[in-house]
Amino acid sequence: MAEIKFVKAPALKEKVDVSTIGFGTCFTDYMFRMDYSPEEGWHGASIVPYEDIKVSPANTTLHYGQAIFEGCKAYVTRDGKPVVFRGKDHIARLNRSARILDIPQVPFDEAYNGLIKLLSIEKDWIPNGPGQSLYIRPFIFASDSFLGVSVSQTYVFLIILSPVAAYYAHGFAPVKIMVEDHYSRACQGGLGAAKTAANYAASLHAGLYAHEKGYDQVLWTDAAEHKWIGEVGSMNILFKIDGKIVTPELDGTILDGITRRTVLQIARDWGYSVEERKISVDELVEAYKSGKLEEVFGSGTAAVISPVGELICGKENPVHMVLNGGKIGPFAYKMYDYIDKLHTGEIEDKYGFVEPVE
Ligand SMILES: *Cc1c(COP(=O)(O)O)cnc(C)c1O
């Protein structure tokens, strides 16, 4: 494996107080970069100063959207050690997304070592207040300069870092969600299982509509019938129904969320019965009416657990569900607290989720 090159920045930036800035607005001093060409494969692994990159106006990603990304987080444990949460699983998923978009897979060890080396250089940027973290954004985009529609020959892989405030700095804020029955984001045979720009492009308009109606996000249903529950824009959805943890199965239209996996594994260990299966909107409404829909929450790297306080189904005769009086439910709270304490080393990590940075 080639040595990772390091290009020193002429000057370092002033560190910020993350509690005063918005998500994804501030970036650290360095980024990781690798390039792909058919002749050399993935090559040139380097850590370089964070700066604007030049792309051709004919860059294929700008026109045809061949782009994938990841999102994970680094934390400082209570005893001051920098760690990354399930970094290996995130690099592995980047490669699964790559397969779906016909992007050449990155060499796993080189990518993972690049991530760890970048984090060890930038460890002083990991904020250590409660709930704070360093958000990690690995991404790959096509870099051919060519207007023909085809799979790109060349690619750029970057990892950038952004310190972020605690998601729940002002206490849990359960979200209001609209079950979508008109727009679609992903379909059978589509890109739903990839973490790709296209899925976000397909979701923005419906999200804006939901916002206008006073909802925070959309819960997608299947594109063919709007009958089966999928996921929320940037998180998976889980239900506690009659004591069981139920979540839609990975059917190719939703993302295999790492937080989803974490939650399901811990729930099983806690003795809960966990079901990954099809869930219809009708089943949810029935469960709600009979008092069996105990909790609804989303899972994703950004919020970890995002309690759903209200769900609305149907635009004609909407069924309006209020969950736990619009507050976080006990299971979601216990899960959030457990994962939060894994991040900081307050609870021993028997799973090997927490990976040392140095
Ligand atoms: C990133 C993402 C999630 C959450 O995945 P995690 O690995 O838990 O962060 C869920 N759905 C979509 C569409 C996403 O892009």
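For the structure itself, consult the block above.
Residues numbered from 1 in each chain as written. Predicted model: local features only at pLDDT ≥ 70, side-chain atom pairs only at ≥ 80, totals over all residues. Heavy atoms only, no water.

Draft legend 1. View of the overall build of the chain. Looking only at helices and strands, one finds 8 helices and 18 strands in the chain. Over its C-alpha trace the chain gives a radius of gyration of 21 Å, about what one expects of a compact globule, namely 21 Å for 358 residues. Seen along its three principal axes, the alpha-carbon backbone of the chain occupies a region of about 60 × 55 × 35 Å. Residue burial in the chain is summarised as follows: out of 358 residues, 51% are buried. A separation threshold of at least 6 residues defines the contact pool for the chain, and within that pool the share at least 24 residues apart is 70%. Per element, the accessible surface of the chain, about 16,300 Å² overall, is 52% carbon and sulfur. (Helix = DSSP H or I, 4+ residues; strand = E, 2+ residues; numbered from the N terminus. Rg over C-alpha atoms; globule rule 2.2 N^0.38 Å. Buried < 20%, exposed > 50% of the residue type's maximum accessible area, 1.4 Å probe, protein only. Contact = heavy atoms within 4.5 Å. Areas by Shrake-Rupley, 256 points an atom, 1.4 Å probe, with all protein chains shown as cover.)

Draft legend 2. Structural detail: the packing of aromatic side chains. Considering all chains together, one arrives at 21 aromatic pairs under this definition. Ring centres of Phe23 and Tyr135 lie 5.1 Å apart, and the angle between their planes is 70°; on these two criteria the pair is classed as edge-to-face. A residue pair is termed long-range when its members are at least 10 positions apart, and Phe23 in the loop between β1 (5-6) and β2 (30-37) and Tyr135 in strand β7 (residues 133-142) qualify at 112 residues. Judged by its relative accessible area of 10%, Tyr135 is buried. Taken together, a centroid distance of 5.1 Å and an interplanar angle of 75° make the contact between Tyr167 and Tyr168 edge-to-face. A residue is classified by how much of its surface remains accessible, and Tyr167, at 48% relative accessible area, is partly exposed. On the basis of relative accessible area, Tyr168 is assigned to the buried category, the value being 12%. (Phe/Tyr/Trp six-rings, centres within 6.5 Å; stacked < 30°, edge-to-face > 60°.)

All quantities given are derived from atomic positions and should not be read as evidence of function.
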